[in-house]
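# Secondary and tertiary structure notes
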Amino acid sequence: MKNFYALLHHEIRLQARQKTEWASLLLFFVIVIVLMPFALGPEPEILRRLAPGLIWLAALLMSLLSLDRLFVQDARDGTLDEMLISPLALETIVVAKILAQILVMIAVLVVMAFPAALLLGMEARVLPVLILTFALGVPVLALLGGIAGSVTVALHRNPALLTLLLIPFYIPVLIFAVSACDAAAVGGSAAQPLLFLTALIALILPPSPFIIAAALRHGQG
Amino acid sequence: MLRVHNLSCRRGGRVIFRETGFATNSGGFALIMGANGSGKSSLLRVLAGLIAPAAGCVRWQDSDVAEDPAAHRARVHYIGHLDALKAGLTVREMLDYWRALHGAGQIKIEQSLAAFALTSMADRPIRRLSAGQKRRLSLTRLALVEAPLWLLDEPTSALDVTGQALLREVISGHRAKGGIVIAATHDDLNVPDAQVITMAGGGR
Amino acid sequence: MNLFSRFAQPAHFIRLARWLIPILALGSVLAFAFGLYYALFASPPDYQQGEMVRIMYVHVPAAWIGMGLYSAMAVAAAVGLVTRHTLADIFCVATAPVGAVFVALCLVTGSLWGKPTWGAWWVWDARLTSVLIMFFLYCGVIALRHSFDDDERGGKASAILLLVGAVNIPIVKFSVDWWHTLHQPASLLRAKGVAIAPEMLRPLLMMGTAYALYAAWLIVLRMQTVLCARAIDCGREEA
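My aim in this report is to walk through the structure given alongside it, one point at a time.

Rules and cut-offs
- Residues numbered from 1 in each chain as written.
- Chains lettered and ligands numbered in written order.
- Predicted model: local features only at pLDDT ≥ 70, side-chain atom pairs only at ≥ 80, totals over all residues.
- Heavy atoms only, no water.
- Axes fitted to C-alpha atoms, helices over the stretch in contact; angles between N-to-C directions.
- Helix = DSSP H or I, 4+ residues; strand = E, 2+ residues; numbered from the N terminus.
- Parallel < 35°, antiparallel > 145°, perpendicular 65-115°, else oblique.
- Left-handed = near helix turned anticlockwise from the far one by under 90°.
- Contact = heavy atoms within 4.5 Å.
- Nonpolar A, V, L, I, M, F, W, Y, C, P; charged D, E, K, R; others polar.
- 1 Å grid on protein atoms, 1.4 Å probe; cavity = no way out; pocket = protein on both sides within 12 Å on 5 of 7 lines; lining within 4 Å.
- Points joined across faces, edges and corners; volume = space filled by probe spheres on them.
- Expected span 1.5 Å × (residues − 1).
- Salt bridge = Lys/Arg side-chain N within 4 Å of Asp/Glu carboxyl O.
- Buried < 20%, exposed > 50% of the residue type's maximum accessible area, 1.4 Å probe, protein only.
- Patch = residues over 30% accessible without salt bridge, like charges linked within 9 Å, V, L, I, M, F, W, Y side chains within 5 Å.
- Areas by Shrake-Rupley, 256 points an atom, 1.4 Å probe, with all protein chains shown as cover.
- Bend = angle between axes of the 7 residues up to and from the residue.
- Polar contact = N/O pair within 3.5 Å; in protein donor to acceptor, adjacent residues only side chain to side chain.
- Core = buried A, V, L, I, M, F, W, Y, C linked by side-chain atoms within 4.5 Å.

## So, the packing of helix 7 (residues 126–151) of chain A against helix 9 (residues 191–204) of chain A
Residue and element names in this part refer to chain A. In contact at an axis separation of 9 Å, helix 7 and helix 9 are set at 30 degrees when each is read in the N-to-C sense. Classified by the angle their axes make, helix 7 and helix 9 are roughly parallel. You can see that helix 7 and helix 9 cross each other, and the crossing is left-handed. Between helix 7 and helix 9, the contacting residues are Leu132, Thr133, Leu136, Gly137, Pro139, Val140, Leu143, Leu144 and Ile147 on the first element and Leu194, Leu197, Thr198, Leu200, Ile201 and Ile204 on the second.

As structure tokens, then:
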């Protein structure tokens, strides 16, 4: 357990040191949001109604962009070998790595939700639900991204392939997250889609560390 | 002691090396020689347990390492071509990470920094280090945690004369304690009693 | 296990394939001849949809085969990961494009059927969306498999993806029951018995058999090709 915290601390520190990478991801997120009124027209009513979906779409694209650093960077600089040779269980190292990614990504998205909501004129009462969907949805995105990243790690860099592999699995997250926000926007209960999101986490969380570790081990040729 | 029996390695249906065998006693130094593409790096990766061999086995004190991979990982230090460094961290933070990765065990951060003459740079960001300093930092892993089997892939690349001397010293200390070193390198690290293993490649 | 290992030997498979290919080819041609005759001429029009219902005979079997092949690939992937038989990977390599084409056929014929009956080429309904996702999964498996030069690693990577993607199979199957969709619920495999007129069921099952035989023919043919290509590669390597 002590080792796990040390690893988690390291991974968060590593993410925190990559300020330029995160800054460019943030900029990407904001630009996607800013482009929406040009694509859909500036009518406040339309933007208000579509705001949660648009914000989630931007978050999804941002997470796709940020994923290639999950294992590919480690493979490229040799850290992956060190992880594989470590006496600790590879699953532990993988969980620490993905948990750090999740925490940083949620923090970033929560901060960015405010200006994005402002730009699109989203109602204030939707904001807590939106943040809750980030908290529930981002772990699923990161775990799925971890699986896809570990499977493609031997290919080094192929973002288009990663996107193709991930999009089918991202669709349920998008559906439930946006329907929770939509329910909140019309004053209804968002409980059901939020429970579905929780169920997705429950489905994907237990097997994914083992899948990722197995894929990383087999990726060595 | 380490015994290698009839080891073969295939990658993508291609034979990298076949039927390689040797034995190294504790305190021994094995030097792997061979042309580019003869499978030196692959042999080290198989010995480290990173790649499963296509045939043959690796034995440590008469037990097959494939039977208990976790125990084998705990006894191995593998230094590959790549330095395994994160540019954003400082030297000390990098060592902290390796300490976490290697779990418990005897940890000697200050001594290992001193062994590779990095004490004065402990708080310097890794991106400010020169290539030789980075290589020295990468080699610090060897002194950080005790492990009886060292597998070194081109350990002297980018090292200057002083760096090579430091590495030689660390290696002879390791051998004096009964450790085994297996290295693939072009220059022979000036080890007079090295056991030379010549790789013939895929045997075509 | 012994029998399985015997047939999993590439040499045995090649011998088996030599027998199977003409049989499957003949069988699928005959089944298509009968099936199409019954589907297009010797079956009654629907009392609501009229002649339009005949699209069913090309649409529904395509969906069955597309889904069935994905399930078979997922099983083969699991077997391949456990037993390390190369034939499992060869099956997946051979099957993925065939399955993708059947799913695409299902989507296209469904779209052609949807326009006159629902008034739209496409609706975002749970069944349609989950089948579209299955098509993307097929594309992902094909793309991933072809990105690896190394057959062993590529096989493992795509096997993992296939198994993770298998969660979609129950979603496709039960989407019409779980959500109230525009797409009609299952008529054949359901708890309360078959809900389809026998004179329509007969051509449907015939077409299903024809599709299955045709798919099997293509897959065995492709597996033979892949095996030969690998043998040539190995020979080149050894020489």
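So, next bit.
## So, the packing of helix 2 (residues 19–40) of chain A against helix 6 (residues 90–120) of chain A
All names here are of chain A. With their axes 11 Å apart at the nearest point, helix 2 and helix 6 run at an angle of 30 degrees to one another. Between helix 2 and helix 6, the crossing angle belongs to the class labelled roughly parallel. By crossing handedness, the relation of helix 2 to helix 6 is classed as right-handed. Within the contact between the two elements, helix 2 uses Trp22, Leu26, Phe29, Val30, Ile33, Val34, Met36 and Pro37 and helix 6 uses Val104, Met105, Val108, Leu109, Met112, Ala116, Leu119 and Leu120. In terms of residue class, the contact of helix 2 with helix 6 is made up of 16 nonpolar, no polar and no charged.

## What to know about the layout of surface pockets
Of the pockets and cavities examined, the second largest pocket occupies roughly 1,200 Å³. Taken together, 37 residues line the second largest pocket, and the ones lying closest to its centre are A:Pro172, A:Phe176, A:Leu200, C:Asn168 and C:Ile171. Contributing elements (two or more residues each) for the lining of the second largest pocket: helix 7, helix 8 (159–185), helix 9 and helix 10 (208–219) of chain A together with helix 5 (126–147), helix 6 (151–165) and helix 7 (168–178) of chain C. Per-element accounting of the lining of the second largest pocket gives the leading share, seven residues, to helix 8 of chain A.

## A word on helix 2 of chain A
Think of an α-helix as turning once every 3.6 residues; residues three or four places apart then point the same way. All names here are of chain A. The terminal C-alpha atoms of helix 2, which comprises 22 residues, lie 32 Å apart, in line with the 32 Å expected from a rise of 1.5 Å per residue. Residues of helix 2 that are buried sit in contact with helix 1 (2–17), helix 3 (44–67) and helix 6. Just past helix 2, the residue glycine 41 takes up positive phi, approximately 90 degrees.

## A look at the pattern of salt bridges
Enumeration according to the criterion identifies 23 salt bridges over all chains in this entry. The residue A:Glu82 makes a salt bridge to B:Arg141 at a minimum N-O spacing of 2.3 Å. Pair noted here: A:Glu82 is in helix 5 (residues 79–85) and B:Arg141 is in helix 5 (residues 131–144), and the two residues belong to different chains. Its relative accessible area of 3% is what places A:Glu82 among the buried residues. As a salt-bridge pair, C:Asp89 and C:Arg230 come within 3.1 Å of each other at their nearest N and O atoms.

## Overview of a nonpolar patch on the surface
All names here are of chain A. Together, Leu27, Ile31, Val34, Leu35, Phe38 and Leu119 make up a nonpolar patch on the protein surface, roughly 630 Å² of accessible area in all. With five residues, helix 2 is the single largest residue contributor to the nonpolar patch. Residue position: leucine 119 is located in helix 6.

## Things to note about the environment of A:Cys181
All names here are of chain A. By the secondary structure assignment, cysteine 181 is in helix 8. A C-alpha to C-alpha distance of 22 Å links cysteine 181 and leucine 203, two positions 22 residues apart in sequence. Those residues within four positions of cysteine 181 in sequence are excluded, and the remaining contacts are Pro52, Val126, Val129, Leu130 and Thr133.

## A look at helix 7 of chain A
Residue and element names in this part refer to chain A. Taking 1.5 Å of rise per residue, the 26 residues of helix 7 would be expected to cover 38 Å, and the 37 Å separating its terminal C-alpha atoms lies within 8% of that figure. Bending of helix 7 peaks at approximately 30 degrees at the position of glycine 137, with proline proline 139 no more than four residues after it. In terms of residue burial, helix 7 counts as a mostly covered element, since 22 of its 26 residues are buried.

## Digging into the interface of chain A and chain B
Chain A puts 26 residues into the contact, and the matching count from chain B is 27 residues. Seen at the junction of chain A and chain B, the total is six salt bridges. One salt bridge in this structure joins A:Arg13 and B:Glu93, with 3.6 Å as the shortest N-O distance. Here chain A is connected to chain B by 10 residue pairs in polar contact (both at pLDDT 80 or more). If you tally residues by element for the side of chain A that touches chain B, the top one is helix 1 of chain A, at eight residues.

## Remarks on the nonpolar core
The biggest cluster of nonpolar side chains holds 214 residues, and the ones touching the most others in it are A:Phe29 and B:Ile182. Residues within four places of B:Ile182 in sequence aside, it is in contact with B:Leu2, B:Phe22, B:Ala30, B:Ile32, B:Leu44, B:Leu47, B:Leu149, B:Trp150, B:Leu151 and B:Leu152.

## Observations concerning the side chain of B:His72
Residues and elements named next belong to chain B. Position of histidine 72 among the secondary structure elements: in helix 2 (residues 69–74). Judged by relative accessible area, which is 3%, histidine 72 ranks as buried. Ignoring sequence-local partners within four residues, the contact set of histidine 72 consists of Leu47, Ala48, Gly49, Val65 and Leu149.

In short, the description is geometric, and any link to function would need to be established separately.
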